[in-house]
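Examination of the molecular architecture
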Amino acid sequence: MTEAEWLTADDRTTRAAVMNLDPRRQRLLAAACCRVFGRWIDYPAAHTALDTVEVFADTGKTKAALRRARQAVQQQREALFAPGHPFVMNN
């Protein structure tokens, strides 16, 4: 699928194209989509996790690193939404 086809495709066509990708390319596409939004994410662990996903997609040899990156992002998310954090609205 070319970029022009991708940009003009309807949802059904896009889903079919993604589902026909091999797992490696699905991971890389997911990482690329996250990087688009990553410009607004100021958490180093999230960027490290994306780097790790891309390495995992290309090598398949870093499951432990992928797990550690996922845990780091989860810890930051839990800290962000912990009671008393300035972003959490206390009712």
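Residues numbered from 1 in each chain as written. Predicted model: local features only at pLDDT ≥ 70, side-chain atom pairs only at ≥ 80, totals over all residues. Heavy atoms only, no water.

**With respect to the overall build of the chain**
Condition: Strands are runs of DSSP state E lasting at least two residues, helices are runs of H or I lasting at least four, and both sets are numbered from the N terminus onward. Buried means the residue's accessible area, taken with a 1.4 Å probe over protein chains only, is under 20% of the maximum for its type, while exposed means over 50%, and partly exposed covers the values in between. The criterion used for residue contact is that any of the two residues' heavy atoms lie within 4.5 Å. Here the Shrake-Rupley method, with its probe set to 1.4 Å, supplies the accessible areas, and only the displayed protein chains count as covering residues. Counted charges follow a simple rule, with Lys and Arg positive, Asp and Glu negative, and His plus the chain ends left uncounted. A charged residue contributes its charge at one atom only: NZ of Lys, CZ of Arg, CG of Asp or CD of Glu.
Per the secondary structure count, the chain includes five helices and zero strands. In sequence order, the chain lays out its α and β elements as α-α-α-α-α. Taken over the C-alpha atoms alone, the chain extends approximately 50 × 35 × 20 Å along its principal axes. Here the chain holds 91 residues, and the buried ones make up 14% of them. At a minimum sequence separation of 6, the contacts of the chain that also span at least 24 residues come to 31%. Accessible surface computed for the chain: about 7,400 Å², of which carbon and sulfur atoms make up 58%. In the chain, which carries 13 positive and 10 negative side-chain charges, the distance between the mean positions of the two groups comes to 9 Å.

**Some thoughts on the side chain of threonine 52**
Using the following cut-off: Contacts described as polar in this section are N or O atom pairs within 3.5 Å, which, within protein, must combine one atom able to donate a hydrogen with one able to accept it, while residues neighboring in sequence count only if both atoms come from side chains.
Residue placement: threonine 52 occurs in helix H4 (residues 44-59). Within the structure, threonine 52 has its side chain in polar contact with the backbone oxygen of threonine 48 (distance 2.8 Å). Ignoring anything within four residues of it in the chain, the contact list for threonine 52 reads Thr62, Ala65, Leu66 and Ala69.

**Comments concerning the confidence of the model for the chain**
Short version of the rule: Note on scores: pLDDT gives the predictor's confidence for each residue, bounded by 0 and 100.
Residues of the chain with pLDDT of at least 70 account for 92%, and the chain-wide mean is 80. When pLDDT is averaged over each helix and strand of the chain, the minimum, 79, is found for helix H5 (residues 63-80) and the maximum, 89, for helix H2 (residues 11-19).

**Considerations on the pattern of salt bridges**
Test applied: One side-chain nitrogen of Lys or Arg within 4 Å of one carboxyl oxygen of Asp or Glu is enough to make a salt bridge.
Under the counting rule described, the total for this entry stands at four salt bridges. Between arginine 25 and aspartate 22 there is a salt bridge, with the nearest N and O atoms lying 3.7 Å from each other. Of the residues examined, arginine 25 reaches a relative accessible area of 48% and is grouped as partly exposed. Residue aspartate 22 is classed as partly exposed on the basis of its relative accessible area, which comes to 35%. Through salt bridges that share partners, Arg35, Asp51 and Glu54 make up one connected network.

**Quick look at the layout of surface pockets**
Defined as follows: Cavities and pockets are defined on a 1 Å grid built over the protein atoms alone: a cavity is a set of grid points where a 1.4 Å probe fits but cannot escape, while a pocket is an open set with protein on both sides within 12 Å along at least five of seven lines, and lining residues are those with an atom within 4 Å of any such point. Grid points are joined across faces, edges and corners, and a volume is the space filled by probe spheres set on the points. Any residue outside Ala, Val, Leu, Ile, Met, Phe, Trp, Tyr, Cys, Pro, Asp, Glu, Lys and Arg is labelled polar, Gly included; the first ten of those are nonpolar and the last four are charged.
As a volume, the largest pocket reaches approximately 320 Å³. The greatest single-element share of the lining of the largest pocket, amounting to seven residues, is contributed by H5. Taken together, the residues of the lining of the largest pocket break down into twelve nonpolar, three polar and two charged.

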